[in-house]
Amino acid sequence: MRDYQREFIQFAIEQNVLRFGEFTLKSGRVSPYFFNAGLFNSGTALAKLGRYYAAALQDAGIKYDVLFGPAYKGIPLAATTAVALSNDYQVDTPYVFNRKEAKDHGEGGNLVGAPLEGRVLIIDDVITAGTAIREVMEIINAANATPAAVMIALNRMEKGQGELSAIQEVERDYNMPVISIVSLEDVVAYLQEVGGYAESIQAIQAYRAQYGI
Ligand code: OMP
């Protein structure tokens, strides 16, 4: 695990973004942990978050033309990542996001920001069963753009519809990599390192036996 990944997990726990307990997910699975990116809810937290996304993106070495932040949660994520790429790496990257409802006046259309064209780097929070990301792919296909990769904060390492992980299914179906700042394995390694999380680790292991890959 890299230093920035360890720092990121610590930061997510401090912000209550990463919590342990019992949570019912969108997929109906009952998870012993939850990652709520909406709780990176101050200027400082959002600035830091953008730096972690930018660091992981630079680390992955993927080529892309535009960042896309899917509504709603992806919008600040793409914006803060674009700012961090500029501040930390002097890379000026266009970014675009979608509206959930079309607008028929003013700038019109469903997309706001840079043109959605070329190789698109999608920025999102979490992939569990892969439902949300499939909706995003429809927007990219409709724009005739090419997906370059999906960048998420946490890879929950869960099964999708079959025996592959949801992320492997997305990679296979859309022929692009999914990259993350950290994975569940990193989280568990971190919890083991710092100590005091024996119960949570046990619950995560039981959950992984059922839904993990
Ligand atoms: P899938 O559409 O099943 O891949 O679930 C992804 C979405 O679930 C995310 O975009 C979140 O809205 C939500 N989610 C989290 O935010 N954090 C989690 O730890 C788990 C989920 C979830 O419900 O699976």
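Here is what the cut-offs are and how they apply
Residues numbered from 1 in each chain as written. Predicted model: local features only at pLDDT ≥ 70, side-chain atom pairs only at ≥ 80, totals over all residues. Heavy atoms only, no water. Helix = DSSP H or I, 4+ residues; strand = E, 2+ residues; numbered from the N terminus. Rg over C-alpha atoms; globule rule 2.2 N^0.38 Å. Buried < 20%, exposed > 50% of the residue type's maximum accessible area, 1.4 Å probe, protein only. Contact = heavy atoms within 4.5 Å. Lys, Arg positive; Asp, Glu negative; His and termini not counted. Charge placed at Lys NZ, Arg CZ, Asp CG, Glu CD. Axes fitted to C-alpha atoms, helices over the stretch in contact; angles between N-to-C directions. Parallel < 35°, antiparallel > 145°, perpendicular 65-115°, else oblique. Nonpolar A, V, L, I, M, F, W, Y, C, P; charged D, E, K, R; others polar. Near = heavy atom within 4 Å. Polar contact = N/O pair within 3.5 Å; in protein donor to acceptor, adjacent residues only side chain to side chain. 1 Å grid on protein atoms, 1.4 Å probe; cavity = no way out; pocket = protein on both sides within 12 Å on 5 of 7 lines; lining within 4 Å. Sits in = over half its atoms within 2 Å of the grid points.

## Regarding the overall build of the chain
And then number 1: Helix and strand counts for the chain stand at seven helices and nine strands.
And then number 2: Here the C-alpha atoms of the chain give a radius of gyration of 17 Å, agreeing with the 17 Å that 2.2 N^0.38 yields for 213 residues.
And then number 3: Considering only C-alpha atoms, the chain reaches an extent of 55 × 40 × 30 Å along its principal axes.
And then number 4: For the chain, the residues scored as buried account for 48% of the 213 residues in total.
And then number 5: Considering only contacts in the chain between residues 6 or more positions apart, those separated by 24 or more positions represent 71%.
And then number 6: Averaging the coordinates of the 18 positive side-chain charges in the chain and doing the same for the 25 negative ones gives two points 1 Å apart.

## Notes on the packing of helix α2 (residues 43-60) against helix α3 (residues 74-89)
And then number 1: Running from N to C, α2 and α3 point in directions that differ by 70 degrees, and their axes come no closer than 7 Å. If you check the angle between α2 and α3, you find them roughly perpendicular. The segment α2 lies against α3, with Leu-46, Ala-47, Leu-49, Gly-50, Arg-51, Tyr-53, Ala-54, Ala-55, Leu-57 and Gln-58 engaging Pro-76, Leu-77, Thr-80, Thr-81, Ala-84, Leu-85, Asp-88 and Tyr-89.
And then number 2: Here the contact of α2 with α3 is built from residues that sort into 12 nonpolar, four polar and two charged.

## A word on the site of the ligand
And then number 1: The immediate surroundings of the ligand are formed by 14 residues, with Lys-26, Phe-35, Thr-128, Gly-130 and Arg-156 found nearest.
And then number 2: Lys-26 is positioned such that a nitrogen or oxygen atom in its side chain is 2.8 Å from an oxygen atom of the ligand.
And then number 3: At a separation of 2.5 Å, an oxygen atom of the ligand approaches a polar side-chain atom of Thr-128.
And then number 4: If you map the ligand onto the pockets, it falls in the largest pocket.
And then number 5: Taken together, the elements giving at least two residues each to the shell around the ligand come down to β2 (30-35), β7 (126-127) and α4 (131-142).

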